[in-house]
Amino acid sequence: MYGLFNDSFQPAVDGVGTVVYNNAIQMYKMGRDVHVVVPYSKGEPEMPEPFPITRIPSVPVPPRPPYSVGLPFIPTRASREVYHLPFDLIHCHAPFTTGRMGRVIARRRDIPFIASFRSKYKDDFYGATKSRFISDVAKDWIMEFYRHADQVWITDESILETMHEYGFREKRGQIVVVPNGVETVSEDWSVLRERKRRELGLDDETPLFLFVGQQIRIKNVGMILDSLALLGDRKFLFYSLGSGVARGKFIDKAKSLGLQDRAIFPGTIKDRTELFSYYAAADLFLFPSLYDTYGNVIREAALMHTPSLLLEGTTCAAPFQDGVNAFIAKQNDPRVYADKIIETIRDVEGRQRVADRIPHTISRTWEDVVGEVVDRYEQLIAHHEKRGLSLIHI
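In this text, all values refer to a predicted model and were calculated from it rather than measured experimentally.

Criteria and thresholds
- Residues numbered from 1 in each chain as written.
- Predicted model: local features only at pLDDT ≥ 70, side-chain atom pairs only at ≥ 80, totals over all residues.
- Heavy atoms only, no water.
- Helix = DSSP H or I, 4+ residues; strand = E, 2+ residues; numbered from the N terminus.
- Rg over C-alpha atoms; globule rule 2.2 N^0.38 Å.
- Buried < 20%, exposed > 50% of the residue type's maximum accessible area, 1.4 Å probe, protein only.
- Contact = heavy atoms within 4.5 Å.
- Lys, Arg positive; Asp, Glu negative; His and termini not counted.
- Charge placed at Lys NZ, Arg CZ, Asp CG, Glu CD.
- Pairing = 2+ DSSP bridges.
- Axes fitted to C-alpha atoms, helices over the stretch in contact; angles between N-to-C directions.
- Core = buried A, V, L, I, M, F, W, Y, C linked by side-chain atoms within 4.5 Å.
- Right-handed = clockwise from strand over helix to strand, strands pointing away.

A. Fine view of the overall build of the chain. The number of helices and strands found in the chain is 14 helices and 15 strands. Here the chain has a C-alpha radius of gyration of 22 Å; the compact-globule value for 394 residues is 21 Å, and the two agree. Referenced to the eigenvectors of the C-alpha coordinate spread, the extents of the chain come out at roughly 75 × 40 × 40 Å. Here the chain, with 394 residues, has 54% of them falling under the buried criterion. A fraction of 69% describes how many contacts in the chain between residues 6 or more apart in sequence connect residues 24 or more apart. Taken together, the 50 basic and 51 acidic charged side chains of the chain have centroids lying 5 Å from each other.

B. Expanded view of unusual backbone geometry. P11 follows Q10 through a cis peptide bond whose omega is 15 degrees. Along the polypeptide, P11 turns up in the loop between β1 (2-5) and α1 (15-29). We note that D110 has phi near 55 degrees; this positive angle belongs to a residue other than glycine. As for its position among the elements, D110 is in the loop between α3 (97-109) and β7 (113-116). Unusually for a residue other than glycine, H305 sits at a positive phi of about 65 degrees. With respect to the secondary-structure elements, H305 resides in the loop between α11 (296-303) and β14 (308-311).

C. Region of the structure containing the sheet that holds strand β10 (residues 208-212). Read from one edge of the open sheet, 6 strands run β12-β11-β10-β13-β14-β15, paired in parallel fashion. Because the sheet does not close on itself, it has two edges, and the strands there are β12 (263-267) and β15 (327-329). The average undirected angle you get between the axes of adjacent strands in this sheet is 30 degrees. Judged from the 5 bridges that link them, β10 and strand β11 (residues 237-241) form a sheet pairing that is parallel. Across the sheet, V212 pairs through a bridge with L241, a residue of β11. Packed on one face of the sheet, helix α12 (residues 334-346) meets β10, β13 (284-286), β14 and β15 and runs near 155 degrees to β15.

D. View of the nonpolar core. F209, L210, L228, F238, Y279, L286 and I341 are the most contacted members of the largest nonpolar core, which totals 62 residues. Examining the composition of this core, we find that 6 residues originate from one element, helix α10 (residues 272-281), more than from any other. With residues near it in sequence (within four places) discarded, L228 still touches F209, F236, F238, L259, L286 and I341. Grouped together as the second largest cluster of nonpolar side chains are 29 residues, Y121, M143, L160 and Y166 included.

E. Looking closely at the environment of L303. Along the polypeptide, L303 turns up in helix α11. For the pair L303 and A280, spaced 23 residues apart in sequence, the C-alpha separation works out to 8.5 Å. Setting aside its immediate chain neighbours within four residues, L303 contacts V182, E183, T184, F276, P359 and S363.

F. Fine view of the sheet that holds strand β8 (residues 151-154). Strand order in the open sheet formed by 7 strands is β3-β2-β1-β6-β7-β8-β9, with parallel pairing between adjacent strands. For this open sheet the edge positions go to β3 (53-56) and β9 (175-177), each flanked by a neighbour on one side alone. Mean inter-strand twist for the sheet, computed between neighbouring axes without regard to direction, equals 20 degrees. Across 4 bridges, the pairing between β1 and strand β2 (residues 34-39) is parallel. Bridging across to β2, L4 finds its partner in V36.

G. Inspection of the pairing of β11 at higher detail. Of all the 5 residues making up β11, 5 are buried; the element is thus mostly covered by neighbouring parts of the structure. Two elements, β11 and β12, share 3 bridges in a ladder whose sense is parallel. Counterpart to Y239 in the pairing with β12 is I264. Where the polypeptide runs from β11 across helix α9 (residues 247-256) and back to β12, its parallel neighbour, the crossover connection is right-handed.

H. The pairing of β8, seen in detail. Here β8 shows no split at all, with Q151 and W153 on one side and V152 and I154 on the other all buried. Relative to β8, β7 runs parallel, the two being bridged by 3 bridges. Looking across to β8, one finds that I114 is bridged to Q151. Running through helix α6 (residues 159-165), the crossover from β8 to the neighbouring parallel element β9 is right-handed.

This is the structure:
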């Protein structure tokens with residue numbers, strides 16, 4: 001049995017929770033024995049859960065609704081159930097309480113323990129506490145979690161730089177690069193594009209700019225708004241999809257900049273076909289995030305033939321080349337970013353070349369990725385069992 005442990009899951013939908021869901025659903029379709037362990041979150045799941053799942057007791061995180069923190073070490077029926085499940089391998093997708101439960105079980109059972117590194121955790125803690133001391137202590141606590149993993153999975157080589165900045169020094173063979181997949185939709189992207197642009201009342205001359213993600217400061221949505229304000233009287237429409245503690249502040253900022261009719265914040269779009277229709281309708285995906293290590297939304301946009309405008313020097317921009325598989329602004333500056341938007345929109349042929357290339361170069365389906373994941377799981381289980389037999393003979 002594969003155990004997938006994470007500190008978030010639907011109905012509290014976020015990027016990592018979506019990754020865990022897609023891994024679990026594909027493993028279930030492949031006939032693999034998989035069990036998901038996550039904290040309880042209030043509400044009803046949006047997507048079906050045919051695979052076994054245990055939701056452990058939790059408490060809400062007031063600054064970050066709808067997130068909650070699992071309480072796996074309190075003796076409850078759910079926790080006891082998890083400790084008795086016949087896991088062959090445990091994969092923890094986050095290093096917090098539920099992930100630590102997975103690590104404890106893996107060590108007690110002497111089974112393979114994989115940990116995925118997905119976030120700039122120090123930034124998370126600093127944003128919540130505004131204390132460098134607390135952020136450093138929390139960072140050290142988190143990196144200790146990864147040092148004990150048999151393998152640490154990252155989605156891109158550039159993420160290793162962040163880990164090294166945090167003081168991580170990997171053992172030989174400990175780091176494994178496994179990218180995320182991208183969900184597919186049944187309808188053709190061009191059909192979705194035409195329909196959504198018609199719904200939004202957009203003519204061929206009006207570009208649509210898009211952001212998808214949490215509405216929080218470190219995603220740099222405020223800088224996007226400052227940049228759009230510098231476009232003056234140029235025709236455009238901007239949609240920022242997602243929820244978060246700063247959404248209201250961004251709406252107020254858009255109004256103060258005179259963008260209230262051109263910058264729209266509809267909240268989270270949970271229907272995947274509807275979300276992908278926004279990707280398809282957009283001419284440019286604006287993603288100057290200072291926070292993300294991978295940016296799966298960049299790949300989702302690419303699948304719908306929409307190139308991204310990123311920031312040079314950010315982790316999520318590291319795998320991309322300007323004018324080849326994305327567009328990259330040189331500085332985290334509204335004027336520089338605005339000039340790059342104008343340059344990209346004017347160069348219709350260049351933007352189209354990138355748009356036509358990216359679906360085939362930077363996006364992989366979940367079916368493909370999870371097939372690789374399962375192969376790696378089985379190799380690690382076999383290696384672990386072989387090592388155990390060798391120790392017995394000694």
